[in-house]
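Structural features, examined
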Amino acid sequence: MVYRPILKLGHPLLRQPAESVSPTELQSPDTQQLIDDLIETMHNAQGAGLAAPQVGVSLRICVFEVNENPRYPWLPTIELTTLINPQVSALPTNDDHNAIEMYEGCLSIPGLRGKVRRSRLIDVDALDRTGASIHVRYEGAAAAVVQHEVDHLDGTLFVDRADTQTLTFETEYNRFIPLTARFWDGGNSL
Ligand code: NI
């Protein structure tokens, strides 16, 4: 396994919609190695997720895992997941409880946080790394993590969706944004 360099904001590849992965391509040693490297690189950088375009490969593959992440202490445990060609659909929930807001960060935009509003309940259809179809439902903060990663596959970054008035460097974030303001789930803040 290899830690791959993570592209930073401004690299054109981060803005390019990624290509779907064919079944043959998924089984190839190169793609399986890429998935291993994504996982290892994510762990090494203490990220909650990582998408292939962030390491310079324009394919629709992302990985995520949360297990007491010090960068996002409010996040629930999310088991290690690899999504290939994911499709996300937002599900309607109760009218005043259909969105969540949280301060997001990104390994491609180090040092910056900003508050993003997202759907709080989503269904995801994808393939796993073996090529099997998977269908998973995510809610709350986990849904935000998944939407952030899938956005990378379309060349969208959290700063595109953030309320620009909330953009903040990490030092100021730690100093001025109280824990209770970092994550809001339909009125149930921390
Ligand atoms: Ni990101």
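Shown above is the structure to which this text applies.
Reference entry: report on the structure contained in this document. (Residues numbered from 1 in each chain as written. Predicted model: local features only at pLDDT ≥ 70, side-chain atom pairs only at ≥ 80, totals over all residues. Heavy atoms only, no water.)

We now examine the overall build of the chain. Secondary structure summary: the chain contains five helices and nine strands in total. Along the chain direction, N to C, the helices and strands of the chain fall in the order α-α-β-β-β-β-β-β-β-α-α-β-α-β. For the chain, the C-alpha radius of gyration of 16 Å lies close to 16 Å, the compact-globule estimate for 190 residues. Each of the three principal axes of the chain carries a C-alpha extent, and together these read 45 × 35 × 30 Å. The buried share of the chain, reckoned over its 190 residues, is 50%. Sequence separation of at least 24 residues holds for 68% of the intrachain contacts in the chain that already meet a minimum separation of 6. Entry remark: accessible area of the chain is about 9,200 Å², with carbon and sulfur atoms responsible for 50%. Averaging the coordinates of the 15 positive side-chain charges in the chain and doing the same for the 25 negative ones gives two points 6 Å apart. (Helix = DSSP H or I, 4+ residues; strand = E, 2+ residues; numbered from the N terminus. Rg over C-alpha atoms; globule rule 2.2 N^0.38 Å. Buried < 20%, exposed > 50% of the residue type's maximum accessible area, 1.4 Å probe, protein only. Contact = heavy atoms within 4.5 Å. Areas by Shrake-Rupley, 256 points an atom, 1.4 Å probe, with all protein chains shown as cover. Lys, Arg positive; Asp, Glu negative; His and termini not counted. Charge placed at Lys NZ, Arg CZ, Asp CG, Glu CD.)

Scanning all chains against the criterion turns up two aromatic pairs. Both rings, one in Phe64 and one in Tyr138, keep their centres 5.9 Å apart while their planes meet at 80°; by these two values the pair is edge-to-face. On the criterion of sequence distance, the pair formed by Phe64 in strand E2 (residues 61-66) and Tyr138 in strand E7 (residues 133-139) is long-range, its members being 74 residues apart. For the pair formed by Phe64 and Tyr138, the shared burial category is buried. Taking the centre distance of 5.6 Å and the plane angle of 55° together, the rings of Tyr103 and Tyr173 count as tilted. (Phe/Tyr/Trp six-rings, centres within 6.5 Å; stacked < 30°, edge-to-face > 60°.)

As summarised here, the arrangement of the four strands in space is E8-E5-E4-E9, forming an open sheet in which the pairing is antiparallel. Strand pairing shows two members of the sheet lacking a second neighbour, strand E8 (168-169) and strand E9 (183-185), which therefore form its edges. Judged from the six bridges that link them, strand E4 (residues 99-104) and strand E5 (residues 112-119) form a sheet pairing that is antiparallel. By the bridge assignment, Met102 is partnered in E5 with Val116. (Pairing = 2+ DSSP bridges.)

Let's shift gears to the layout of surface pockets. By volume, the largest pocket is sized at about 180 Å³. Around the largest pocket, the lining residues are Arg60, Pro86, Gln87, Val88, Arg117, Arg118, Ser119, Gln147, Val150, Asp151, Asp154 and Arg161. Mapped onto the lining of the largest pocket, the elements with two or more residues apiece are strand E3 (78-90), E5 and helix H3 (141-152). Looking at the lining of the largest pocket residue by residue, the class counts come to three nonpolar, three polar and six charged. (1 Å grid on protein atoms, 1.4 Å probe; cavity = no way out; pocket = protein on both sides within 12 Å on 5 of 7 lines; lining within 4 Å. Points joined across faces, edges and corners; volume = space filled by probe spheres on them. Nonpolar A, V, L, I, M, F, W, Y, C, P; charged D, E, K, R; others polar.)

Examined against the element boundaries, Asp151 turns out to sit in helix H3. When sequence neighbours within four positions are dropped, the list of residues in contact with Asp151 reads Arg118, Thr156 and Arg161.

What follows deals with empty space enclosed by the protein. Enumeration according to the criterion identifies one cavity of 30 Å³ or more in this entry. Reported here for the largest cavity is a volume of approximately 160 Å³. Taken together, 17 residues line the largest cavity, and the ones lying closest to its centre are Ala48, Tyr72, Gly105, His148 and Glu149. Elements represented by at least two residues in the lining of the largest cavity include exactly E4 and H3. Here the lining of the largest cavity takes five residues from H3, the largest share from any one element. Looking at side-chain class alone, the lining of the largest cavity contains eight nonpolar, six polar and three charged residues.

Core analysis: the largest hydrophobic core is formed by 28 residues, its most contacted members being Trp74, Leu75, Tyr138 and Val146. At the level of secondary structure, the elements contributing two or more residues to this core comprise E2, E3, E4, strand E6 (121-127) and H3. Those residues in contact with Tyr138 that lie beyond four places of it in its chain are Phe64, Ile78, Thr81, Arg120, Leu121, Ile122, Val124, Ala143 and Val146. Listed in part, the 16 residues of the second largest apolar core include Ile6, Leu26, Leu50 and Leu107. (Core = buried A, V, L, I, M, F, W, Y, C linked by side-chain atoms within 4.5 Å.)

To continue, consider the pairing of E4. Within E4, six of the six residues are buried, which leaves it mostly tucked inside the rest of the structure. Of the two faces of E4, the one lined by Ala99, Glu101 and Tyr103 and the one lined by Ile100, Met102 and Glu104 are each fully buried. With three bridges connecting them, E4 and E9 associate as antiparallel partners. Directly across from Met102, in E9, lies its bridge partner Phe183.

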